Amino acid sequence: MSLLTLKNVSYRYEGASQNALTDVTAEFQNGKVYAIAGKSGSGKSTLLSLIAGLDTCTKGAIWYRDKDLKEIDRDVYRSNHIGVIFQAYNLLTNACAVENMLISMYISSSGKKAAFDGKKSMEQAFTLLENVGIDREKATRKVLKLSGGEQQRVGIARALAHNPDILIADEPTGNLDNDTENDVLDMFTSFARNDGKCVIIVTHSKKVASIADITLGMKDGTLTLAS
Amino acid sequence: MFIIKNSLHNLLRNKGRNILLAVIIFTIIATTAVTLIINNTANGIIEDYKHRFGSRVNIVPDTAQIMENLRSSFGGGGLGGIFGGGGMGGLNRVNMGNIQVTAQQSIAFAQSPYVLTYEMTASQPAFSDTLNTVDGDADLELGGGMFGGRGGGMGDMFGGAMGGITGINPDEMDIPNLRLYGNHWEDFQNGLRDVADGRFPIAYGEAMISLELAELNDLMIGDTIRIYSTLTEGSGEDITSRRVVHDLTVVGIYFDMTPENATGGFIRASFLNRRNEVLTTLDTVISPLGANESGITVNAVYYLHEPDMLPLFEAELRNQGLDPLLLVTTNEAEYLAIVEPVVGLRNVTSTFMIIVLVLGGIVLVVLASISVRERKYEIGVLRAMGMKKKKLVLGLLSEMLALTVICLVLGLTVGSLVAQPISDTLLAVQIENITPEEVAEIGGMGGLGGLFGGMGGARGGMGGMFGGMAGGNTIEAEPLSELNVSLGLMTILEIIGISLLLASLAGVASVARITKYEPMKILMERN
């Protein structure tokens, strides 16, 4: 069974005359890396937002496992099953890196049996940040005092913090140097292939697309299979 | 717990915005604390005075109605005629109806279920043929002029005591040379008398006499004196009298600090001399009084359970035969004179508090709303990560609450420190604002009461000349010039309540905004 299924998904922004997405149908499986490529304005980010449960499609349906997203609590879906790496990082700018991680972990712990353990979670957060190249000193700095690349790495660590089933990344390596980009891409592939998770990356980068098992093309709001 | 901890961290993370909010909240709370502290103290004082004065009932003549009656009685002669020849003492000769509360009535009124307690004194002219009295020698000198006519001439002097008794052979009458007082300790409280030896009478038949009277008669504690008083019954031609014997044991001797001859030597008579006053218990004076007898003046002040019971109490008194020309009244003028500045102060602070709360509340709501708007991005990120709206609201409310608690502690501290000087300043302004006209008006009302005070006296009283025995509504009270404010538990609770209300108000404003936000829109706006 597919982890995520898009069935004729259409989306139109409020007040817009045209659909941003039209009849998008796709299936996403565990253990695979997907790349979605396309020009700016083709609907890639809109598609990611719908998959991330940030909004609901105006037509069609998105199924997570055997349930329509419309029928499940989207807050729980976002906090437990989805990890999002935003193009603009979207970190809490008045908090430090580790606090961003802790808040994410706290949110995902809601509704779970095990209570949120602050100390334990903090150690996990430091480890995750170290995995993406953020040491403890930087981890306790306010994120605005980190470079763009460092902020992006914090965003990646935060998305992985609650061990989601699906990792969605919008241009995740755009601000990273070559070495870090390689490290991050290794993490994505490991996350998919070793941990059996689904990774969906929106990218312009051929290098990023090259690690994908399946590359999808996006044009004028419709999805095509590129490879 | 994490959400609350995070909220506390957020207070520090957003210092600038929170300091601004804190200043507003602190100002509102401190101002509210000051006004509530002053208000509640003022209210307590007003209520206390209201209860004391509102429940303290006097029975006084209806001066306006009496004057009207007098005008009617004297036709074109006017009031000049009333006082023309005989001076004020002549008032008792005017037919004014039965404007008096009899001793029996005074005692019966005290039994009303509306009366919580009462203060009652009794007095009665008395006579002793064995005791040497202070100024007793003057009685002999005055005998021909003052008492010569007895039944005719004494009317002016002794008013209701004897002047009204006609048809009695004057030779059979005891000429008062003493005065018997029951429960009359006010002079001791006022510092006009002091206990020189022994103690106050507490039991029936015990008495206290003046030092001078004791020395004149070689009386000591434990000695017994015999004095007589007269009680009368009936009226007009049918009046009868009987002599009452009082065998009193001297248990105390008092020292009177007033000048020995209060009239400055103008009139010397033993009956008028304070040092001939024999003080005893109320029971000793009134117990011989028969159901239809007179000759004892009873003055009473009644304290009702509640001020609101006055109409019921008055109705009961009217049913028991209280004269319509007598008013059952509380000392409202005195109450108003005392509390007026405090009422003014309370009004000023109440108005100020309302203005501060309304304006402060509006500013706070606007600021809270702006604050949430500024944090829209943060809210969007948290929502995108899956934080539920209710947790967001809880977080924001926790922040607001923590901020309010800090401001509450500071505001209460500062408020309680500055409340007293502010209260003093405002009260001084209120006292200054009382116009001389207002004081004169209140004073005039009291003066009128004083003029007719003696008219309430029973037959044994001194009549108009020595008026005041029945106690008119004389205003001696000074307006309150000090208000010692204090921070009571109720005030603290009220301030906490108002603070929580403000926090809730700001919280509701925040929540109203949050519920409108969708994470995708917020993040797209930012991106």
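Reference entry: report on the structure contained in this document.

**Describing the overall build of chain A**
Logical step 1: When helices and strands are counted, chain A shows eight helices and ten strands.
Logical step 2: By residue count, 56% of the 227 residues in chain A fall in the buried class.
Logical step 3: For chain A, the exposed area adds up to about 9800 Å²; of that, 47% sits on carbon and sulfur atoms.

**Overview of the overall build of chain B**
Logical step 1: In terms of helices and strands, chain B carries 17 helices and eleven strands.
Logical step 2: The buried share among the 527 residues of chain B stands at 50%.
Logical step 3: In chain B, of all internal contacts separated by at least 6 residues, the share reaching a separation of at least 24 is 84%.
Logical step 4: As displayed, chain B has an accessible area near 24300 Å², and 59% of this comes from carbon and sulfur atoms.

**Some details on the pattern of salt bridges**
All names here are of chain B.
Logical step 1: Counted according to the given criterion, the structure contains 26 salt bridges over all chains.
Logical step 2: Residues R242 and E293 are paired through a salt bridge, measuring 2.4 Å at the closest nitrogen-oxygen approach. Here E293 lies in strand β9 (residues 293–294) and R242 lies in strand β7 (residues 240–256), a separation of 51 residues in the sequence.
Logical step 3: The class for R242 is partly exposed, based on a relative accessible area of 35%.

**Points about a nonpolar patch on the surface**
Residue and element names in this part refer to chain B.
Logical step 1: Together, I354, I355, V358, L359, I362, V366 and I370 make up a nonpolar patch on the protein surface, roughly 620 Å² of accessible area in all.
Logical step 2: Among the structural elements, L359 can be located in helix α12 (residues 332–374).
Logical step 3: On the accessibility criterion, L359 (51% relative accessible area) is exposed.

**A closer look at the interface of chain A and chain B**
Think of interface size as the accessible area that goes away when the parts come together; that is how it is often given.
Logical step 1: At the interface, 29 residues of chain A touch 24 residues of chain B.
Logical step 2: Between chain A and chain B, roughly 2300 Å² of surface is buried when both sides are summed, and carbon and sulfur atoms account for 59% of that area.
Logical step 3: The tally of links between chain A and chain B comes to three salt bridges.
Logical step 4: Linking D73 of chain A and K388 of chain B is a salt bridge whose minimum nitrogen-to-oxygen distance equals 2.3 Å.

**Thoughts on the sheet that holds strand β7 (residues 166–170) of chain A**
Residues and elements named next belong to chain A.
Logical step 1: Strand order across the open sheet formed by six strands is β6-β7-β8-β3-β9-β10, with mixed pairing between neighbours. Of all strands in the sheet, those bounded by a partner on one side alone are β6 (82–85) and β10 (222–225). Each neighbouring strand pair of the sheet contributes to a mean axis angle of 20 degrees, computed without reference to strand direction.
Logical step 2: Note that β6 and β7 share four bridges and pair parallel. When the sheet's bridge partners are listed, I85 is paired in β7 with A169.
Logical step 3: Across the sheet, helix α1 (residues 44–51) lies against β3 (33–38), β6, β7, β8 (198–202), β9 (214–219) and β10, angled at about 155 degrees from β7, the strand it touches most.

**Regarding a negative patch on the surface**
Logical step 1: Taken together, the side chains of D177, D179, D183 and D186 of chain A define an acidic patch exposed on the protein surface.
Logical step 2: Take D179 of chain A: it is sitting in helix α7 (residues 178–193).

**Notes on the side chain of E399 of chain B**
Logical step 1: Among the structural elements, E399 of chain B can be located in helix α14 (residues 389–433).
Logical step 2: Those residues in contact with E399 of chain B that lie beyond four places of it in its chain are S7, N10, L11 and R375 of chain B.

**Brief notes about the packing of aromatic side chains**
Residues and elements named next belong to chain B.
Logical step 1: One pass over the full model with this rule turns up ten aromatic pairs over all chains.
Logical step 2: Between W185 and F188 the ring centres are 6.1 Å apart and the planes differ by 55 degrees, which places this aromatic pair in the tilted class.
Logical step 3: When the ring of F188 is compared with that of Y254, the centres are 6.2 Å apart and the planes differ by 85 degrees; the resulting orientation is edge-to-face. One end of the pair, F188, is in helix α8 (residues 186–189); the other, Y254, is in strand β7, and 66 residues separate them in sequence.
Logical step 4: Here the aromatic residues W185, F188, F200 and Y254 are joined through ring pairs into a cluster of three or more.
Logical step 5: Over the ring of Y228 we find R243; its NZ or CZ atom is 4.2 Å from the centre of that ring.

**Re the sheet that holds strand β2 (residues 21–28) of chain A**
Residues and elements named next belong to chain A.
Logical step 1: Across the sheet, which stays open at both edges, the four strands sit in the order β2-β1-β4-β5 with antiparallel pairing between neighbours. Whereas interior strands pair on both sides, the edge strands pair on one side only; in this sheet they are β2 and β5 (67–68).
Logical step 2: Sheet topology note: the strand β1 (residues 4–11)/β2 ladder contains five bridges and is antiparallel. Paired with L6 across the two strands is A26, which belongs to β2.
Logical step 3: Along the sheet, α1 makes contact with β1, β2 and β4 (59–64), crossing β1 at roughly 125 degrees.

**Some points on the side chain of S55 of chain B**
All names here are of chain B.
Logical step 1: Take S55: it is sitting in the loop between α2 (15–54) and β1 (56–61).
Logical step 2: Look at S55 and you get buried, because its relative accessible area is 3%.
Logical step 3: Those residues in contact with S55 that sit more than four places away from it in its chain are K50, Y302, Y303, L304 and P307.

**Observations regarding the packing of α12 of chain B against helix α16 (residues 489–514) of chain B**
All names here are of chain B.
Logical step 1: Contact geometry of α12 with α16 gives a least axis separation of 8 Å together with a crossing angle of 35 degrees. Note that α12 runs across α16; the crossing there is right-handed. Listed contacts from α16 to L357, G361, L364, V365, A368, S369, V372 and R373 of α12 are I498, L502, L505, A506, A509, S510, R513 and I514.
Logical step 2: Across the contact of α12 with α16, the residue classes break down as eleven nonpolar, three polar and two charged.

**A few points about the nonpolar core**
Logical step 1: In this structure, L4, F28, I166, F188 and I200 of chain A are the most contacted members of the largest nonpolar core, which totals 98 residues.
Logical step 2: For this core, the leading source of residues is helix α3 (residues 97–109) of chain A, giving eight residues.
Logical step 3: Excluding residues within four positions of it along the chain, F28 of chain A makes contact with S2, L3, L4, L6, Y34, I51, C198, I200 and L216 of chain A.
Logical step 4: Grouped together as the second largest cluster of nonpolar side chains are 46 residues, V101, M120, L219 and L248 of chain B included.

**Quick notes on the pairing of β1 of chain B**
Residue and element names in this part refer to chain B.
Logical step 1: Of all six residues making up β1, five are buried, and the element is well covered by its neighbours.
Logical step 2: Examined bridge by bridge, β1 and strand β10 (residues 297–304) share two bridges and lie antiparallel to one another. Looking across to β10, one finds that V57 is bridged to Y302.

**Here's the deal with the environment of S229 of chain B**
Residues and elements named next belong to chain B.
Logical step 1: Its place among the elements puts S229 in strand β6 (residues 224–233).
Logical step 2: A relative accessible area of 1% places S229 in the buried class.
Logical step 3: Between the alpha carbons of S229 and H246 there is a distance of 7.8 Å; along the sequence they are 17 residues apart.
Logical step 4: Once you skip the residues sitting within four places of it in the chain, S229 turns out to touch Q124, P125, A126, R242, R243, V244 and H246.

About the thresholds
- Residue indices follow the written sequence of each chain, beginning from 1 at its first position.
- To read the labels, note that chains go from A and ligands from 1, taken in the order they are written.
- Whole-chain, interface and lining totals are the exception, using all residues; otherwise, since this is a predicted model, local features are given only for residues with pLDDT of at least 70 and side-chain atom pairs are given and counted only at 80 or more.
- Here the side-chain values reflect all heavy atoms present in the structure, with hydrogen atoms and water set aside.
- Elements are defined by DSSP. Helices are runs of H or I of four residues or more, strands are runs of E of two residues or more, and each kind is numbered from the N terminus.
- For each residue, the accessible area found with a 1.4 Å probe, counting protein chains only, is set against the maximum for its type, and the residue is called buried under 20%, exposed over 50%, and partly exposed in between.
- Accessible surface is estimated by sampling points in the Shrake-Rupley manner with a 1.4 Å probe; for residues, cover comes only from the protein chains shown.
- By the convention used here, residues are in contact when the closest approach between their heavy atoms is within 4.5 Å.
- Salt-bridge detection follows one rule: a side-chain nitrogen of Lys or Arg within 4 Å of a carboxyl oxygen of Asp or Glu.
- Like-charged residues are merged into a patch within 9 Å and nonpolar side chains (Val, Leu, Ile, Met, Phe, Trp, Tyr) within 5 Å, provided each residue has over 30% relative accessible area and no salt bridge.
- Here the quantity called buried area is the total loss of accessible area, with a 1.4 Å probe, experienced by two parts when brought into contact, counted for both.
- Here, a strand pair is defined by DSSP locating no fewer than two bridges between the strands.
- Only the stretch in contact is used when a helix axis is fitted, and all axes are lines through C-alpha atoms; the angle between N-to-C directions ranges over 0 to 180 degrees.
- In this count, Lys and Arg are taken as positive residues and Asp and Glu as negative ones, while His and the chain termini are left out.
- Charge positions come from single atoms, namely NZ of Lys, CZ of Arg, CG of Asp or CD of Glu.
- In this scheme Phe, Tyr and Trp rings, the latter by its six-membered ring, pair at centre separations within 6.5 Å, and the angle between planes marks the pair as stacked below 30 degrees, edge-to-face above 60, and tilted otherwise.
- Working rule: Lys NZ or Arg CZ, within 6 Å of ring centre, within 35 degrees of ring normal, means a charge sits over the ring.
- Here a crossing is taken to be left-handed if its near helix is turned anticlockwise relative to the far helix by less than a right angle, and right-handed if that turn runs clockwise.
- Think of it as three bins: nonpolar holds Ala, Val, Leu, Ile, Met, Phe, Trp, Tyr, Cys and Pro, charged holds Asp, Glu, Lys and Arg, and polar takes everything else, Gly as well.
- By convention a nonpolar core is built from buried Ala, Val, Leu, Ile, Met, Phe, Trp, Tyr and Cys residues, the set being connected through side-chain atoms within 4.5 Å.

Interpretation in functional terms is not warranted from these geometric data alone.
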